[in-house]
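Summary of the model geometry
The residues making up each chain are set out below.
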Amino acid sequence: MREIVVFSGSAHQGLASQICDRLGVPLSRSEIKRFSNDCLQAQLLANCRQRDVYIVQPLVPPTQEHLMELLLMIDAARGASAAQITAVIPHFAYARSDKKDASRISLGGRLVADLISTAGAHRVLTMNLHAPQVHGFFSVPVDHLTALGVLADHFRGTDLSDSVVVSPDLGNAKEATQFSRLLGLPVAAGSKKRESDDKVVIDSIVGDVRGKRAIVLDDEIATGGSIIELLDRLADFGVTEAAVACTHGLFAGRAVERLRNHPMVSQVVTTDTVPAPSGWPELQVRTVSGLFAEAITRIHGGESVSILFDGVDPTHAPPQGSLFDKVGS
């Protein structure tokens, strides 16, 4: 079997190192140089010829800088005769640019997907895309992992009496429903209208939350505007406290200050798909390195990745045996 070679861009070398530790392979060295005209150059400092190359790089701020690093590293691997190149993108930032919701607006998600495949990637491995239709933007296979099981494990074994899972908006309600089933809790959702990138209005809550403790679940928290607006509405309905959970904890702008100082927030839980902000020791970070390592192992061995969804997300879980029986009959 071909050898696995793992590289990391500068976005999140800590996660790449943890993935390599679980794989039992070294993190191979690479070098990013900046010329006097501000152009970047990437060099991979390990043999890639006829090897399976995995490049770990979440698209986090400065997003454009890290995207360009990723493209250059993919191109370098292609030029070095790699047998297969997988772009491991734990956080695909441009997934939020997934629809034409205004006149003459760009569709960044599809454009960046085209750039990644044009650079030479044969496959993409990512986690919790903002919208499932982003899958269709790629012309190469995409393995889309979920952190719902990891986040649910954090809450299992704790007191969940009188608790309810709440989604900030109806668009994330499906994920929240699956999360609520993992914990055996009811679910509710906010009815949200976005007025700008950092300003939203939640005018109602769908579901019974009165007098309950909330577990607010979102795929990504950037400025925290949606979460704070939701917490204010939940307070109006008599919610006593709220734990906040998300996959991608970007916590940009005043998000850390907003969430740390909010009287309703009992805890904030996220994963390490992106680097954690400094100076927030109370933040609880769950690692997804094991999921990515297992997915890489299965991709490398030509095995099913969907088995990782067993008991977590039936939408992507392997077909049941009864279906095969029906086909064979």
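Preceding block: the structure.
Not measured: the values here are computed from a predicted model.

Thresholds, definitions, all that
Per chain, the residues get numbers from 1 upward, laid out in the order the sequence is written. Since the coordinates come from a predicted model, pLDDT governs what is reported: local features require at least 70, and pairs of side-chain atoms require 80 or more to be given and counted, while whole-chain, interface and lining totals use all residues. Here the side-chain values reflect all heavy atoms present in the structure, with hydrogen atoms and water set aside. Pairing of aromatic side chains here covers Phe, Tyr and the six-membered ring of Trp, requires ring centres within 6.5 Å, and sorts the geometry by plane angle: under 30 degrees stacked, over 60 edge-to-face, intermediate tilted. For the purposes of this entry, the term helix denotes a DSSP run of H or I that reaches at least four residues, the term strand denotes a run of E that reaches at least two, and both are numbered from the N terminus. Here's how the labels work: a residue is buried when its accessible area is under 20% of the maximum for its type, exposed when over 50%, partly exposed in between, all with a 1.4 Å probe on protein chains only. For two strands to count as paired, DSSP must find a minimum of two bridges between them. Only the contacting stretch of a helix is used when fitting its axis, a line to C-alpha atoms as for every element, and angles between N-to-C directions run 0 to 180 degrees. When checking whether two residues touch, look at their non-hydrogen atoms; a contact exists if any pair is within 4.5 Å. Each angle gets one of four labels, with under 35 degrees taken as roughly parallel, over 145 as roughly antiparallel, 65 to 115 as roughly perpendicular, and the rest as oblique. Handedness of a crossing follows from how the near helix is turned relative to the far one, being left-handed for an anticlockwise turn of less than a right angle and right-handed for a clockwise one. Residue type decides the class: Asp, Glu, Lys and Arg count as charged, Ala, Val, Leu, Ile, Met, Phe, Trp, Tyr, Cys and Pro as nonpolar, and the leftover types, Gly among them, as polar. What counts as a disulfide here is a pair of cysteine sulfur atoms lying within 2.5 Å. Buried Ala, Val, Leu, Ile, Met, Phe, Trp, Tyr and Cys residues that are joined via side-chain atoms within 4.5 Å together make up what is termed a nonpolar core. A helix is expected to span 1.5 Å multiplied by its residue count minus one. Convention used here: a crossover is right-handed provided that the path from the first strand, over the helix, to the second strand proceeds clockwise when the strands point away from the viewer.

1. Things to note about the packing of aromatic side chains
In the structure shown here, the tally under the stated rule is 3 aromatic pairs. Look at Phe92 and Phe138: their rings are 5.5 Å apart centre to centre, the planes differ by 55°, and that puts the pair in the tilted class. Here Phe138 lies in the loop between β6 (123-127) and β7 (142-145) and Phe92 lies in the loop between β5 (84-89) and α3 (108-119), a separation of 46 residues in the sequence. There is no split in this pair, since Phe92 and Phe138 are both buried.

2. Details of the sheet that holds strand β1 (residues 4-8)
Strand order in the open sheet made by the 5 strands is β1-β4-β5-β6-β7, with parallel pairing throughout. For this open sheet the edge positions go to β1 and β7, each flanked by a neighbour on one side alone. The sheet shows a mean angle of 20° between the axes of neighbouring strands, direction not considered. The pairing of β1 with strand β4 (residues 52-56) spans 5 bridges and is classified as parallel. Within the sheet, the bridge partner assigned to Val6 lies in β4 and is Tyr54. Along the sheet face, helix α1 (residues 13-23) touches β1 and β4 and points at about 165° away from the line of β1.

3. Remarks on the packing of helix α4 (residues 148-155) against helix α5 (residues 173-183)
Between α4 and α5, the least distance of the axes is 10 Å, while the angle of their chain directions is 45°. Relative to α5, the element α4 is oriented oblique. In the crossing of α4 with α5, the sense of the turn from one axis to the other is right-handed. Listed contacts from α5 to Leu148, Gly149, Leu151, Ala152 and Phe155 of α4 are Glu175, Gln178, Phe179, Leu182 and Leu183. When its residues are assigned to classes, the contact of α4 with α5 shows 7 nonpolar, 2 polar and 1 charged.

4. A few points about the state of the cysteines
Considering all chains together, one arrives at 0 disulfides under this definition. Cys20 forms no disulfide, and the closest cysteine sulfur to it belongs to Cys48, at a distance of 13 Å.

5. A closer look at the nonpolar core
Across soluble globular proteins, you tend to see nonpolar side chains buried next to one another. Counting 35 residues, the largest nonpolar core has Ile74, Phe92, Ile116 and Phe138 as its most contacted members. No other element matches helix α2 (residues 63-79), which puts 6 residues into this core. In this structure, Phe138 is in contact with Phe92, Ala113, Ile116 and Val124, ignoring residues within four places of it in sequence.

6. What to know about helix α6 (residues 225-236)
With 12 residues, α6 should reach 16 Å at 1.5 Å per residue; the first-to-last C-alpha distance of 17 Å fits that figure. Residues Gly225, Ser226, Ile227, Ile228, Glu229, Leu230, Leu231 and Leu234 constitute the buried set of α6. Just downstream of α6, Gly238 is the residue with a positive phi angle, here 85°.

7. What about the pairing of strand β12 (residues 242-249)?
Among the 8 residues that make up β12, 8 are buried, leaving the element largely enclosed by the rest of the structure. Inspection of the sheet shows strand β11 (residues 213-221) paired to β12 by 7 bridges, in the parallel sense. Across the sheet, Ile221 pairs through a bridge with Gly249, a residue of β12. Read from β11 through α6 to β12, the crossover connection turns out right-handed. Once the chain exits β12 it traverses helix α7 (residues 255-261) before rejoining the sheet at strand β13 (residues 265-271), and the crossover so formed is right-handed.

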